[in-house]
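Observations on the three-dimensional arrangement
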Amino acid sequence: MDLVLFGIQGSGKGTQAKRLAAEFQYDIFEAGGELRKIAASASAKATADKSGSELGKTVSSYIDKGHLVPHEIIMQVVKEAILARPKDQKILFDGIPRDENQMKDFDRVMKETGRDFRCIHILLTPDEGMQRILGRAKAEGRADDADTAIVARRMKTFTEKTMPVIEKYKNEGKMIEIDGMKSVDEVYGEMKRAVV
Ligand code: AMP
């Protein structure tokens, strides 16, 4: 069974994903990370062909502003990632689907490829998420984490576009909710209970 992880920026979702993947042999598909790799290809002039570099520029123009990258781009990336893996390789999806349009396509691809999944939402208030993300920005050096206005925009997108997705999965009985204010170990303990 695959997992789809939800949590506002700063909820600790990435950290928990890594731990869970290591203990339970999931492959992580981190949407933001995959897109940042594509964005980085814009500056890798030596190796990138022209189209790759154009795509990279497009992707980074959205990431830099804290907007969702266009639907077709992210859906193509996730589709390829799913198809590239053997059926029996469990996947942990982090950062997708982020709006109802992506949800519709994601559900369809998962169905077509015969993959079942459940969802986990690490709950945290935007205020707490903001405090945490600004605290870690310097250490990790991500430009879109260092700018308060961009973090706020990403959080607004989460509240306005991703929360309706979470509600829908909740209504489908697919969602497990975890209190993100607890310690990293406590949150992990609850996540572990959810997957076994
Ligand atoms: P994150 O690291 O998850 O906060 O994502 C960083 C940035 O990557 C976001 O602000 C978006 O620009 C982009 N991104 C990540 N996931 C998606 C997605 N599912 N759809 C569109 N854009 C995304």
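Residues numbered from 1 in each chain as written. Predicted model: local features only at pLDDT ≥ 70, side-chain atom pairs only at ≥ 80, totals over all residues. Heavy atoms only, no water.

Position of S60 among the secondary structure elements: in helix α3 (residues 50–65). By relative accessible area, S60 is classed as buried at 17%. C-alpha of S60 to C-alpha of L35: the two residues are 25 residues apart in sequence and 8.1 Å apart in space. (Helix = DSSP H or I, 4+ residues; strand = E, 2+ residues; numbered from the N terminus. Buried < 20%, exposed > 50% of the residue type's maximum accessible area, 1.4 Å probe, protein only.)

Every one of the 17 residues lining the ligand counts as a neighbour, but H67, G95, R98, Q102 and R154 are closest to it. Within the side chain of R98, an N or O atom sits 2.7 Å from an oxygen atom of the ligand. Within the side chain of R154, an N or O atom sits 2.9 Å from an oxygen atom of the ligand. Isolated, the ligand exposes 480 Å² of accessible area, and the fraction of that covered by the protein chains is 96%. Counting residues per element, the shell around the ligand draws most heavily on helix α2 (residues 31–40), at four residues. If you count residues domain by domain, the shell around the ligand takes at least three from each of domain 1 (1–24 + 95–196) and domain 2 (27–89). (Near = heavy atom within 4 Å. Polar contact = N/O pair within 3.5 Å; in protein donor to acceptor, adjacent residues only side chain to side chain. Areas by Shrake-Rupley, 256 points an atom, 1.4 Å probe, with all protein chains shown as cover. Domains from an automatic or database assignment.)

Looking now at the side chain of Q102. Tracing the sequence through the fold places Q102 in helix α5 (residues 100–112). Excluding residues within four positions of it along the chain, Q102 makes contact with H71, I74, M75, I96 and P97. (Contact = heavy atoms within 4.5 Å.)

Our next topic: the environment of Q89. Structurally, Q89 can be placed in the loop between α4 (71–83) and β3 (91–94). A residue is classified by how much of its surface remains accessible, and Q89, at 21% relative accessible area, is partly exposed. Considering only alpha carbons, one finds Q89 and K111, 22 residues apart in sequence, at a separation of 16 Å. Ignoring sequence-local partners within four residues, the contact set of Q89 consists of D2, Q25, Y26, D27 and R115. A distance of 3.2 Å separates the side chain of Q89 from the backbone oxygen of Q25, its partner in a polar contact.

A word on the pattern of salt bridges. One pass over the full model with this rule turns up 18 salt bridges. Measuring nitrogen to oxygen at the nearest pair gives 3.2 Å for the salt bridge that ties R36 to E30. Classification of R36 as partly exposed rests on a relative accessible area of 26%. Its salt-bridge partner being R108, residue D105 comes within 3.3 Å of it at the nearest N-O pair. Taken together, the residues D105 and R108, both in helix α5 and three residues apart, mark about one turn of the helix. R108 sits in the partly exposed class, given a relative accessible area of 37%. Ionic contacts of the salt-bridge type, sharing partners, join the residues D105, R108 and E112 into one network. (Salt bridge = Lys/Arg side-chain N within 4 Å of Asp/Glu carboxyl O.)

Below, the discussion takes up the domain arrangement of the protein. A common measure of how large an interface is: the accessible area buried when the components associate. Looking at the protein, the domain boundaries give domain 1 (1–24 + 95–196) and domain 2 (27–89). One C-alpha centre belongs to domain 1, the other to domain 2, and the line joining them spans 19 Å. Counting from both sides, the interface comprises 24 residues of domain 1 and, opposite them, 20 residues of domain 2. Overall, the association of domain 1 and domain 2 removes approximately 1,800 Å² of surface from exposure, summing both partners, and the carbon and sulfur fraction of that is 65%. Taken as a group, I96, R115 and R153 account for 27% of the area that domain 1 buries against domain 2, more than any other trio of residues on that side. Linking domain 1 with domain 2 are zero salt bridges, by the criterion used here. At the junction of domain 1 and domain 2, the tally comes to three residue pairs in polar contact (both at pLDDT 80 or more). Counting residues per element, the ones that place at least two in the side of domain 1 that touches domain 2 are α1 (13–24), α5 and α8 (148–171). Among the residues making up the side of domain 1 that touches domain 2, the classes are represented as seven nonpolar, six polar and 11 charged. (Buried area = accessible area lost by both parts, 1.4 Å probe. Nonpolar A, V, L, I, M, F, W, Y, C, P; charged D, E, K, R; others polar.)

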